Amino acid sequence: MLLGEYYSCFTQKQRGSQSSPVLFLVLVHVAQRDAEEYQPPIWKSYLYQLQQEAPRPKRIICPGEVENRPKYYGREFHGIISREQADELLGGVEGAYILRESQRQPGCYTLALRFGNQTLNYRLFYDGKHFVGEKRFESIHDLVTDGLITLYIETKASEYISKMTTNPIYEHIGYATLLREKVSRRLSRSKNESRKTSVTNEEHAAVEKISSLVRRAALTHNDNHFNYEKTHNFKVHTFRGPHWCEYCANFMWGLIAQGVRCSDCGLNVHKQCSKHVPNDCQPDLKRIKKVYCCDLTTLVKAHNTQRPMVVDICIREIEARGLKSEGLYRVSGFTEHIEDVKMAFDRDGEKADISANVYPDINIITGALKLYFRDLPIPVITYDTYPKFIEAAKISNADERLEAVHELLMLLPPAHYETLRYLMIHLKKVTLNEKDNFMNAENLGIVFGPTLMRSPEDSTLTTLQDMRYQKLIVQILIENEDVLF
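A brief report on the enclosed structure follows. Predicted model only: the values in this text are computed from it and were never measured.

### Quick look at the packing of helix α13 (residues 386–393) against helix α18 (residues 460–479)
Turning to step 1, where the next piece is worked out: It is at 9 Å that the axes of α13 and α18 come closest, and there the two elements cross at 85°. The orientation of α13 with respect to α18, classified from their angle, is roughly perpendicular. From α13, Tyr-386, Phe-389, Ile-390 and Ala-393 reach across to α18, where they touch Asp-466, Tyr-469, Gln-470, Leu-472 and Ile-473.
Turning to step 2, where the next piece is worked out: Residue composition of the contact of α13 with α18, by class: seven nonpolar, one polar and one charged.

The following block contains the structure:
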């Protein structure tokens, strides 16, 4: 059987009753291959099989029209009836369900569902979508379908689920790279050009299923990649069609919100597995929509650079033609022109043109650099370390204060530390031209204090109280950059 026939199984609906579970054992296994090309299956199908076995929902329709039936409920609504009456209506049929209004609390609604030889009652809510817990559904039928799948799997495989993370496939992601190489070699040997084209397209689609694994494996062996640690940016995600967890290799069950996806690198895992994934996110440039307002570590890992390229490009331009400019960093450029530079970086990345031919006023470039730092979701001096830096600035003894600042710099994430180090070297060069630009370390501290460090508390009073300490920290960093870094 060709890989395309295997892969076509993944496009079937999750609840397709006629599909054979064994077809989901292998993502890219091509039958009748040579022994040396055989690749073992990486996905575990047990939970998928359980989902296929889960009871189907059976709506019990009310024979008569019910007065005051909410418009967002259908004929499964039976009005005000007791639990005993609901249990009788369900008739002991697995998966049968009705909706009823509470006798004790009129206006409150309950889903009565038959599962495991008992009737389960859930408080039902509606806010544009139906829900009994965190998940929200377009229809009651989908809610019940998902609920039955979850109940069945958690009942049948509770011990299995609790042990899913003990031997994760994540530890063996080199398999993905090996797989891609062997697929490529097999295609190159194909003698039938038309068949080669067909299989290429199908296998490319299949390999896309493990693209984040491939990407991470490839980057792991890339010596030029700056190995800054980065946590994954996981968000609840609804997967269309069958999906497997890229950490434990088990099926992600349910109809919606089956797991989480890292919005930076695309890693797909169970919610419970996400707690065990190492901080090894390798952001994909295709997922990074902009340069400004992007997390600093995310940006440098996506571009494979030591520092944000905005910082490098702007500082290079400023040092080339602006170090002697009076009021450098203190004088503001035109806001609309600064916004143009921001848009250019967001649109063109490192190809953005900020030369004197386009922006002759150097203050536009300094303004764009300051704006980049202000727009960071986590400041260069992070929220976690901010209060410690403020306390260090209050130390009266200069030597002790310098030592405290040095120790705190070690707490910064590597990309933040490197960016701050590079900026301080640059600002030191600015102060060496003080006789022309009139900008000393104290003046620059006033400008960059609130730019590089912000209080985690959104309080105007706190900000005002901390301003002199912010200024002092930046001043210390500039004056002692050769010692501190």
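That shown, we press on.
### Quick word on the sheet that holds strand β9 (residues 268–269)
Turning to step 1, where the next piece is worked out: Here three strands make up an open sheet; going across it, the order is β7-β8-β9 and the pairing antiparallel. A single partner strand is all that each edge strand has here, and the edge strands are β7 (234–237) and β9.
Turning to step 2, where the next piece is worked out: Of the strand pairs in this sheet, β7 and strand β8 (residues 259–262) are connected by four bridges, and their pairing is antiparallel. Directly across from His-237, in β8, lies its bridge partner Gly-259.

### Overview of the environment of Pro-57
Turning to step 1, where the next piece is worked out: Relative to the helices and strands, Pro-57 resides in the loop between α2 (46–53) and β1 (58–59).
Turning to step 2, where the next piece is worked out: Taking the relative accessible area as the measure of exposure, Pro-57 reaches 15% and is therefore buried.
Turning to step 3, where the next piece is worked out: Counting along the chain gives 86 residues from Pro-57 to Leu-143, while the straight-line C-alpha distance between them is 9.6 Å.
Turning to step 4, where the next piece is worked out: Ignoring sequence-local partners within four residues, the contact set of Pro-57 consists of Gly-95, Tyr-97, His-141, Val-144, Thr-145 and Leu-148.

### Things to note about the packing of aromatic side chains
Turning to step 1, where the next piece is worked out: Evaluation of the coordinates by the stated rule reveals 16 aromatic pairs.
Turning to step 2, where the next piece is worked out: Relative to Tyr-160, the ring of Tyr-46 has its centre 4.9 Å away and its plane inclined at 65°; by these criteria the two rings are edge-to-face. In this pair, Tyr-46 is assigned in helix α2 and Tyr-160 in helix α5 (residues 158–162), connecting sequence segments 114 residues apart.
Turning to step 3, where the next piece is worked out: In this structure Tyr-160 comes out as partly exposed when scored by relative accessible area, which is 29%.
Turning to step 4, where the next piece is worked out: Seen in terms of ring centroids, Tyr-48 and Phe-251 are 5.2 Å apart; in terms of plane orientation they differ by 85°. Their pairing is edge-to-face. Highlighted residues: Tyr-48 in helix α2 and Phe-251 in the loop between β7 and β8, separated in sequence by 203 residues.
Turning to step 5, where the next piece is worked out: When its relative accessible area of 1% is taken as the criterion, Tyr-48 is described as buried.
Turning to step 6, where the next piece is worked out: Overall, Phe-251 belongs to the buried group, its relative accessible area being 0%.
Turning to step 7, where the next piece is worked out: Three or more aromatic residues link up through ring pairs in this structure, and these residues are Tyr-72, Tyr-73, Phe-77, Tyr-109 and Tyr-126.

### Examining the environment of Phe-485
Turning to step 1, where the next piece is worked out: Position of Phe-485 among the secondary structure elements: in the segment after α19 (481–484).
Turning to step 2, where the next piece is worked out: Exposure remark for Phe-485: the relative accessible area of 22% places this residue in the partly exposed category.
Turning to step 3, where the next piece is worked out: Separated by 61 residues in the primary sequence, Phe-485 and Met-424 have C-alpha atoms spaced 9.1 Å apart.
Turning to step 4, where the next piece is worked out: Filtering out sequence-adjacent residues up to four positions away, Phe-485 remains in contact with Leu-409, Tyr-417, Leu-420, Arg-421, Met-424 and Leu-477.

### Concerning unusual backbone geometry
Turning to step 1, where the next piece is worked out: Unlike most non-glycine residues, Ala-249 shows phi in positive territory, near 75°.
Turning to step 2, where the next piece is worked out: In this fold, Ala-249 is placed in the loop between β7 and β8.
Turning to step 3, where the next piece is worked out: Overall, the relative accessible area of 0% leaves Ala-249 in the buried class.
Turning to step 4, where the next piece is worked out: For Ala-257, which is not glycine, the phi torsion reads 45° and is therefore positive.
Turning to step 5, where the next piece is worked out: Within the secondary structure, Ala-257 is located in the loop between β7 and β8.
Turning to step 6, where the next piece is worked out: Judged by relative accessible area, Ala-257 falls into the partly exposed class, the value being 23%.

Rules of the game
- Residues numbered from 1 in each chain as written.
- Predicted model: local features only at pLDDT ≥ 70, side-chain atom pairs only at ≥ 80, totals over all residues.
- Heavy atoms only, no water.
- Axes fitted to C-alpha atoms, helices over the stretch in contact; angles between N-to-C directions.
- Helix = DSSP H or I, 4+ residues; strand = E, 2+ residues; numbered from the N terminus.
- Parallel < 35°, antiparallel > 145°, perpendicular 65-115°, else oblique.
- Contact = heavy atoms within 4.5 Å.
- Nonpolar A, V, L, I, M, F, W, Y, C, P; charged D, E, K, R; others polar.
- Pairing = 2+ DSSP bridges.
- Buried < 20%, exposed > 50% of the residue type's maximum accessible area, 1.4 Å probe, protein only.
- Phe/Tyr/Trp six-rings, centres within 6.5 Å; stacked < 30°, edge-to-face > 60°.

None of this, on its own, says anything about what the molecule does.
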